[in-house]
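Overview (structure and organization)
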Amino acid sequence: MSSTARRPSMGDVAARAGVSYQTVSRVLNEPAIVRPDTRDRVLAAITELGYTRNRAARALKTSRSSLIGVLTDGSSLFGPAETTTAVETAAREAGYAVVLTSMPPESADAQEIGAALIGSGADGILVIAAHDGMAPAVAAVSGSVPVVAISAQSPHEAGVDVVGIDQAHGAHRIVEHLRRTGARSAVHLAGPEGWFDARARRTGFEEALEGQGLDGEVVRSADWTPRSGYELTTQLLRSSRPEAIFAANDMMAIGVIHALHEHGLRIPEDMAVVGFDNTLGAEFLIPPLTTVSQPFAEVGRVALGHLLGLMGEADGEGACPPPLLPRLVVRRSTRPERTH
């Protein structure tokens, strides 16, 4: 492009895609309300033309910054990290830039961090609230701009809308699957008590045990690591031999598998193993791990869409979306389900 050539406009995008100017605007600002085939045509035209939004002009026109604040604890754990990536992707697709701020666990600076994020000019804030330690951060940012928390439950009733994935449903699906394979007993190696996902998975496991008629118990964990799964399983095998172990996440399940191999136990013939998260590489464990896959990309889109609604950037300020449902992925670390 020569130095005198003008930048592609929304009108150019509309002409290339064969849609109206208003449709292009909706794709950029409210993508969820546009038909997928139309949205794809517009996005293809944007890519072909190299169109970019003029954020400064939009801010002057709308008094908005086109910035979304995302507050996390900086965790590299699979679930929170995937959720953060999903939110950033959804925001970018909706035409927003992300101001990412981390509040380390046990931080005493929640008010200061919250004030800095609000001071960045973000039009709305998404908080990835994975554990009790994020409750002060939610409280610090709520009330100034629209806020939505992504969490398995309301972080201490902070007065903000919550969008999340139904962790208890995932645990129910695991226990139902184990019962259909003929298992009569199961142990759940729970995640850390302060984590919302861990509490919801444990609750779901306990509810499902009663509903499915299985014997079982919960063993508390200090963290989410393979070492935790290994040590808890080693301790467990000194006193009992359940027919199945449900680890609170795939990392713990790796430790479970290692401990069972060390004790000469076959998986799943002697003991079945199930994880949670469908972490990258779970299918390459020996044996491939039965686990629960979470719709991280979808929860990012849904949470952002709800936040945009609260900001007045999408239609309405409707009720908070219901929790999204995870999916059981059956592999060879559990026995085949019986057909009768």
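Read on for an overview of the structure. Being a predicted model, the structure only gives us computed values, none of them experimental. Within every chain, residues take consecutive numbers counted from 1 along the sequence as written. Whole-chain, interface and lining totals are the exception, using all residues; otherwise, since this is a predicted model, local features are given only for residues with pLDDT of at least 70 and side-chain atom pairs are given and counted only at 80 or more. With hydrogens and water excluded, all non-hydrogen atoms of the structure serve as input to the side-chain values.

For this analysis, a salt bridge means a side-chain nitrogen from Lys or Arg found within 4 Å of a carboxyl oxygen belonging to Asp or Glu. Taken as a whole, this structure holds 11 salt bridges when the rule is applied. Residue Asp37 is joined to Arg35 by a salt bridge in which the shortest nitrogen-to-oxygen separation is 3.1 Å. Residue Arg35 is classed as exposed on the basis of its relative accessible area of 57%. Of the charged contacts, one joins Arg202 and Glu193 as a salt bridge, the two residues approaching to 2.9 Å between their closest N and O atoms. On the accessibility criterion, Glu193 (38% relative accessible area) is partly exposed. Salt bridges sharing partners connect three or more residues here, namely Glu193, Arg202 and Arg220. To sort residues, take the accessible area from a 1.4 Å probe on protein chains only and compare it with the maximum for the residue type: under 20% means buried, over 50% means exposed, and anything in between is partly exposed.

Before going further, it helps to spend a moment on the pairing of strand β6 (residues 185–189). Under the DSSP-based scheme used, a helix requires at least four consecutive residues in state H or I and a strand at least two consecutive residues in state E, with every element numbered from the N terminus. Buried residues dominate β6, accounting for five of its five residues. Because side chains alternate across β6, one face comprises the buried residues Ser185, Val187 and Leu189, and the other comprises Ala186 and His188, equally buried. Whether a crossover is right-handed comes down to one check: with the strands pointing away from the viewer, does the path from the first strand over the helix to the second run clockwise; if it does, it is right-handed. The β-α-β motif built from β6, the intervening helix α9 (residues 196–212) and the parallel element strand β7 (residues 215–219) has right-handed crossover chirality. Only strands that DSSP links by at least two bridges are regarded as paired with each other. For β6 and strand β8 (residues 244–247), the ladder comprises three bridges, and the chain directions are parallel. By the bridge assignment for β8, Val187 is matched with Ile245.

Our next topic: unusual backbone geometry. Pro268 follows Ile267 through a cis peptide bond whose omega is 5 degrees. As for its position among the elements, Pro268 is in the loop between α11 (250–262) and β9 (272–274). For the bond from Ile286 to Pro287, the omega torsion is -5 degrees, close enough to zero to count as cis. Mapped onto the secondary structure, Pro287 falls in the loop between β9 and β10 (291–293). In this structure, Asp277 takes a positive phi of about 125 degrees despite not being glycine. With respect to the secondary-structure elements, Asp277 resides in the loop between β9 and β10. Asp277 sits in the buried class, given a relative accessible area of 8%. Positioned with a positive phi, Asn278 is a non-glycine residue whose angle comes to about 55 degrees. Tracing the chain through its elements places Asn278 in the loop between β9 and β10.

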